[in-house]
Amino acid sequence: MIELRGVHKSFGNNAVLRGVDLTIPKGESMVIIGGSGTGKSVTLKCVLGLVKPDAGSVLVDGQDVTTADRDAFLARFGMLFQGAALFDSMTVWQNVAFRLLRGSLKKTKSEARDIAIEKLRRVGLKPDVADLYPAELSGGMQKRVGLARAIAADPEIIFFDEPTTGLDPIMAGVINELIREIVVEMGATAMTITHDMTSVRAIADDVAMLHDGVIKWTGRVDQMDSSGDPYLDQFINGRAEGPIAAVR
Amino acid sequence: MVLGAVAGIGRSTLALVAGLGRGVLFMAQTIAAIFSPPFYFREFASALLTIGYLSLPVVGLTAIFTGAALALQIYAGGSRFQAEAVVPSIVAIGMTRELGPVLGGLMVAARVASSIAAEIGTMKVTEQIDALVTLSTNPMRYLTAPRVLAATLTVPILVAVGDSIGIFGGYLVGTGRLGFNSAAYLKNTVDFLEMWDVTSGLIKGAVFGFLIALVGCYFGMNSGRGAQGVGRATKSAVVAASVLILAANYLLTELFFTG
Ligand SMILES: Nc1ncnc2c1ncn2[C@@H]1O[C@H](COP(=O)(O)OP(=O)(O)OP(=O)(O)O)[C@@H](O)[C@H]1O
Ligand SMILES: [Mg+2]
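Anyway, here's the lowdown on the structure attached to this text.

Cut-offs used in this document
- Residues numbered from 1 in each chain as written.
- Chains lettered and ligands numbered in written order.
- Predicted model: local features only at pLDDT ≥ 70, side-chain atom pairs only at ≥ 80, totals over all residues.
- Heavy atoms only, no water.
- Helix = DSSP H or I, 4+ residues; strand = E, 2+ residues; numbered from the N terminus.
- Rg over C-alpha atoms; globule rule 2.2 N^0.38 Å.
- Buried < 20%, exposed > 50% of the residue type's maximum accessible area, 1.4 Å probe, protein only.
- Contact = heavy atoms within 4.5 Å.
- Areas by Shrake-Rupley, 256 points an atom, 1.4 Å probe, with all protein chains shown as cover.
- Lys, Arg positive; Asp, Glu negative; His and termini not counted.
- Charge placed at Lys NZ, Arg CZ, Asp CG, Glu CD.
- Donors = N, O, S within 2.8 Å, 3.2 Å for Na, K, Ca; no water.
- Near = heavy atom within 4 Å.
- Polar contact = N/O pair within 3.5 Å; in protein donor to acceptor, adjacent residues only side chain to side chain.
- Nonpolar A, V, L, I, M, F, W, Y, C, P; charged D, E, K, R; others polar.

1. A short note on the overall build of chain A
- A count of helical and extended segments in chain A gives eight helices and ten strands.
- Compactness check: chain A gives a C-alpha radius of gyration of 18 Å against a globular reference of 18 Å for 248 residues, within 12% of the reference.
- Across its three principal axes, chain A shows a C-alpha extent of roughly 55 × 40 × 35 Å.
- Counting over 248 residues, chain A shows a buried share of 54%.
- Sequence separation of at least 24 residues holds for 63% of the intrachain contacts in chain A that already meet a minimum separation of 6.
- Accessible area of chain A: about 10,800 Å², with a carbon and sulfur share of 50%.
- Side chains of chain A carry 28 positive and 32 negative charges; the gap between the two charge centres is 4 Å.

2. As for the coordination of the magnesium ion (ligand 2)
- Within the protein, the atoms that donate to the magnesium ion (ligand 2) are S41(A) (OG) and Q82(A) (OE1), at distances of 2.0 to 2.2 Å. On the criterion of sequence distance, the pair formed by S41(A) in helix α1 (residues 40-48) and Q82(A) in the loop between β6 (77-80) and α3 (92-96) is long-range, its members being 41 residues apart.

3. Notes on the site of ligand 1
- Near ligand 1 lie 15 residues; those nearest to it are S36(A), G37(A), K40(A), S41(A) and Q82(A).
- Mapping the residues adjacent to ligand 1 onto the chains of the assembly identifies chains A and B.
- Between an oxygen atom of ligand 1 and a side-chain N or O atom of S36(A), the distance comes to 2.6 Å.
- At 2.7 Å from an oxygen atom of ligand 1 is found a side-chain nitrogen or oxygen belonging to S41(A).
- Here ligand 1 loses 69% of its free accessible area of 640 Å² to cover by the protein chains.
- Where the shell around ligand 1 is concerned, the elements lending two or more residues are β2 (14-24) and α1 of chain A.
- In terms of residues, the shell around ligand 1 owes the most to one element, α1(A), which gives three residues.
- Per-class residue counts for the shell around ligand 1 are three nonpolar, nine polar and three charged.

Everything listed is a geometric property; what it means functionally is a separate question.
Printed below as a string of C-alpha cells:
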C-alpha cells in the first residue's frame, strides 16, 4: 500500500504540489489523470524519492520512504519514465536486463539476455532489436523498451509515466492489456499516468485527478462518468469550456 | 551605489563559499563511494581506456613541443652566463617537476573534464541518472567512483610518459640545433636528475587526475536543464578543473620544495 499525506513541492516560485493526499491499496491499479504540467510526474518521483517533498510524507507499507533502506526499498520498484530514459551507451537488451546483470539479482549473461528478449516480446518487440542501441529506435519503440526494463525484474510496485503516448492504437491496446495482466496475474501494485481515456478505462481500478496541486477527485473507474464533478467531467469529455481554464 | 556594490560582493562571496562547501561534500561522497562496494569493474575498465590510453597522443604532443622550446629558452638564457651546459639538466628538472604534470594535466582537463561533464550532464538531463537510482544503482558508485579512481591512477602514468617525451624533445633540439654531443646530453640528464624530481611530479599528476574527474562529475551531476544546461556544465568543468590544477600545483610545490 502506498500513501501520500499532504505532500507539498515547489520549484522556486512554482508551487506544483499543494497537499496531495492519495492512497493506493496493495494489488490495485491506480491511474492518475490531469492537465499537462499539473505535477503528475513529480508526484511519482516523490514516491520514489527522486524528488524530495517540501512537506508531507510518503508511506509504503506503513514505512516512511525517507527513512527506509534505499536499496531494499527500490528493489521492489519498477519505473517507466515519460521520456523512456534509456541508457544510450548500452544496447537494448543490456538496458532491459540492467538489474539482472549486476547487484543482488545478478544472473548469468545468457539467462539475463533470455529474460530480456522475453520481456521485449511481451511489449511487442522482436528479438532482432535486442542488439541495437536506443538511438536507433523510434520514439514508440524506445518507450516500449523502457517498459520492458521496468518489468524485467518482476517488481511488486510499478509506475508507468504515460506508457501509451507515441504508440499506434493497436500497440497501445497491447500495452494496456500487458499492464492489466501484470496487476491481475502478478498481483503488482501499479500507478499509471496517462492522458488517453481509452487507457484509463482499460487499466484502472481507481482513478485520481490532479488539478491545482491537489487531488480534485478520486474513486473507482466505473464511478468516473457519474461523478458529477465539473472538473472531472470537463477532463474526461475533453471540453474546452468548463472550470479548468484551457487558455492560460 | 556603494552599498549595492558591497551587497554584490557579499552575495558572490556567499555563493562561492556555498559552492566550495558543496564541492567538498561531493568529494567526501566520492571517496566514500570509491572505498565501499559494489564495485563496477566494467565501468572502471572503460574509464581507464578513455581517460588514460586515449589521452596519450595529446599529452605526448604537448610534451615534445614543450621540451623542445624549453631547451631553446634555457640555452638562450644560459648563454648570458656562459652556462649553456645546464640545458640537459634544467630541461629534465623543468619537465618532471613542473611542465610535465601541469601542462599534461591541463590538456587532460580540456579533454576529460569536458567529456565527463557532457556525458553525465546529458544523462542527468534525460533522466538516465534517475533511472539508475530506480534500478537500485547508486550513481556515485556507478558513474563517479570509477572515473575518479581511473583518472587518479592513469594521469601519473600519462605524466611519466609526458616527462620522457619532453626530455626527448629537449634532446632532439639540444643535439640537432644547439650542438650538444648526444652521449654528453644523456649523461648530463641522468646525472643531475633526482628521484624526487620525478616522484613529486607523479604525485602532482595523481592529484590533478583526481581533481579533473571529480570536477567533471560534479558539474555533470549538477547540470541545469536542457542542452544549454549541459553546455554550461561542460564549460564550467573545464574552467574549474584548469584553475584548480594551477592552484593545487602552487600548493603542492610549496609543500614539496620549501621549508
Ligand atoms: N526538476 C524540476 N525543476 C524545476 N521545475 C520542475 C522540475 N520538474 C518539474 N518541474 C515543474 O513542475 C511542474 C509539473 O511537472 P510534471 O512533469 O510533473 O508535469 P506533468 O503533470 O507530468 O505534465 P505532463 O502531462 O505534460 O507530463 C511543471 O511546471 C514543471 O515545469
Ligand atoms: Mg509528466
